[in-house]
Amino acid sequence: MATEVRRLREAAGLTAREAAALLGVSPAQITHIESGLAGVSEKRLRRLASHYACTDEKFISALATMATDRTHGWWEEYRGLLPTPFLDLSELEHHSTFLREVSVVFVPGLLQTEVYARALFSSRVPELTAEEMEMRVRHRMARQRSTIPYTALIHEAALRIRVSDRAAWRAQLRHLLELSQTEHITLGVIPFDLDGFSRASTTMTYAGGPVPKLDTVVRDAPHGSVFIDSEAQLSAYQTRFRKVEAVSLDSVRSNDFIHKLTKEL
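The structure presented is a predicted model; accordingly, all values stated were derived computationally and were not measured. (Residues numbered from 1 in each chain as written. Predicted model: local features only at pLDDT ≥ 70, side-chain atom pairs only at ≥ 80, totals over all residues. Heavy atoms only, no water.)

**Q** Would you take a moment to explain the side chain of Thr216 for this structure?
**A** Secondary-structure assignment places Thr216 in strand E5 (residues 216-221). If near-sequence neighbours (up to four positions away) are discounted, Thr216 is found in contact with Leu92, Thr205, Tyr206, Ala207, Phe227, Ile228, Asp229 and Leu234. (Helix = DSSP H or I, 4+ residues; strand = E, 2+ residues; numbered from the N terminus. Contact = heavy atoms within 4.5 Å.)

**Q** Explanation requested: helix H4 (residues 42-51) in the structure shown.
**A** An α-helical segment advances 3.6 residues per turn. Residues three or four places apart therefore align on the same side. Those residues of H4 that sit buried are Leu45, Leu48 and Ala49. Down the axis of H4, the sector holding all buried residues measures 100°, keeping them to one side. Opposite the packed face of H4, turned more than 90 degrees from it, sit the exposed residues Lys43 and Ser50. Where H4 is buried, its residues touch helix H1 (2-11), helix H2 (16-23), helix H3 (27-34) and helix H5 (57-68). Looking one or two residues past H4, Ala53 carries a phi angle of roughly 60°, positive in sign. (Buried < 20%, exposed > 50% of the residue type's maximum accessible area, 1.4 Å probe, protein only. Arc of directions from axis to C-beta.)

**Q** What is the right way to read the packing of H4 against H5 from this model?
**A** Working note: a packed helix pair is described by the angle between its axes plus the distance between those axes. The interhelical angle for the contact between H4 and H5, taken along N-to-C directions, is 145°, at an axis separation of 9 Å. Crossing of H4 over H5 shows right-handed handedness. Residues Glu42, Leu45, Arg46 and Ala49 of H4 form the contact with H5, whose own contacting residues are Glu57, Ile60, Ser61, Leu63, Ala64, Ala67 and Thr68. Each residue belonging to the contact of H4 with H5 can be placed in one class, and the counts come to six nonpolar, two polar and three charged. (Axes fitted to C-alpha atoms, helices over the stretch in contact; angles between N-to-C directions. Left-handed = near helix turned anticlockwise from the far one by under 90°. Nonpolar A, V, L, I, M, F, W, Y, C, P; charged D, E, K, R; others polar.)

**Q** Looking at this model, I keep getting lost on the pairing of strand E3 (residues 185-190). Mind explaining?
**A** Look at any regular strand and the pattern is simple: side chains alternate between the two faces of the sheet. In terms of burial, E3 is a largely internal element, five of the six residues being buried. Examined bridge by bridge, strand E2 (residues 150-155) and E3 share six bridges and lie parallel to one another. By the bridge assignment for E3, Thr151 is matched with Thr186. (Pairing = 2+ DSSP bridges.)

**Q** Looking at this structure, I do not really get the packing of aromatic side chains. What am I missing?
**A** Given two aromatic rings, one states the distance between the centres and the angle between the planes to describe the pair. All told, the structure shown has four aromatic pairs when counted by the stated rule. Seen in terms of ring centroids, Phe98 and Tyr206 are 6.2 Å apart; in terms of plane orientation they differ by 5°. Their pairing is stacked. Of the two residues, Phe98 is situated in strand E1 (residues 98-103) and Tyr206 in strand E4 (residues 204-208); the sequence distance between them amounts to 108 residues. Residue Tyr206 is classed as buried on the basis of its relative accessible area of 2%. These aromatic residues form a ring-pair network of at least three members: Trp74, Trp75 and Tyr78. It is Arg145 that lies over the ring of Trp74; its NZ or CZ is 5.4 Å from the centre. We note Lys213 situated over the ring of Phe59; from NZ or CZ to the ring centre the distance is 4.9 Å. (Phe/Tyr/Trp six-rings, centres within 6.5 Å; stacked < 30°, edge-to-face > 60°. Lys NZ or Arg CZ within 6 Å of the ring centre and 35° of its normal.)

**Q** When you look at the packing of H1 against H3 in this model, what are you seeing that I'm missing?
**A** For the pair H1 and H3, the least separation of the axes is 7 Å and the interaxial angle reads 125°. Overall, the two elements H1 and H3 adopt an arrangement that is oblique. Along its contact with H1, which presents Ala2, Thr3, Val5, Arg6 and Arg9, the element H3 presents Ile30, Ile33 and Glu34. Residue classes in the contact of H1 with H3 are distributed as four nonpolar, one polar and three charged. (Parallel < 35°, antiparallel > 145°, perpendicular 65-115°, else oblique.)

**Q** Would you mind showing me how to read the environment of Gly24 here?
**A** Within the secondary structure, Gly24 is located in the loop between H2 and H3. C-alpha separation for the pair Gly24 and Leu120, spaced 96 residues apart in sequence, amounts to 52 Å.

**Q** How should the side chain of Gln172 be read in this particular structure?
**A** Of note, Gln172 is situated in helix H10 (residues 166-179). Once residues lying within four places of it in the same chain are set aside, the contact partners of Gln172 are Val107, Leu111, Gln112, Thr113 and Tyr116.

**Q** Is there a simple way to explain helix H7 (residues 114-122) in this structure?
**A** The set of residues buried in H7 consists of Tyr116, Ala117, Ala119, Leu120 and Phe121. Structurally, H7 contributes buried residues whose contacts are with helix H8 (130-143) and H10.

**Q** Any chance you could explain unusual backbone geometry here in plain terms?
**A** Most peptide bonds take the trans form, and the phi angle of most residues other than glycine is negative. Here the phi dihedral of Ala53 falls at roughly 60°; this positive angle occurs in a residue that is not glycine. Along the polypeptide, Ala53 turns up in the loop between H4 and H5. By relative accessible area, which is 60% here, Ala53 ends up exposed.

Rendered as structure tokens:
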């Protein structure tokens, strides 16, 4: 919300000082609102939107809902115990209207078994303490309570890389087959035998917001998750996802593919 308010001001060509004068507050208050250090009432938010000549009522209402939401999310119990990006991702997923993911190397976190997740976290360098490990695994399992529409396109590489032993990997594949029968989850497999197809080389999660302007893409980076929300980049990732989805196996063939892999183990 803070980022979007700042963007509205900048699009209107106003400085923080000029916006503060229009609202009758100090420039410091505008700065605090735009940096997420201070909240803002719905009335004041709508006044700002009016001063910024924003007439998109659905967008303004979505921002107002964000500004006045005092819900204590389940992820708050991990604050101070996990890095902030873990909590940001949980909150983003909670408020999303849909999720679309492309995963190349690993099974997506929302689809992992506890054993698979634990094996992944155990490979971290530097190593996690036992307490840190348990906290991350518990948080990842809690994220899986979401029931919003979720489409996951998983590369064959991710289905063949064993992060643990054979039994654990067979259990993970069977877990995917079970989840594929869940109403809100759609699975697609990206097979190796796609000639010259490089668009599936990038892992990403596309989270749909209450309105399209609040959509967000999450990318993994060496220093942690990166959240992308510029209109031009969102459009590019939408196109990328559609192209990957178009060549992925459909649900039936994806299930057959995964079932065949379990038989090979």
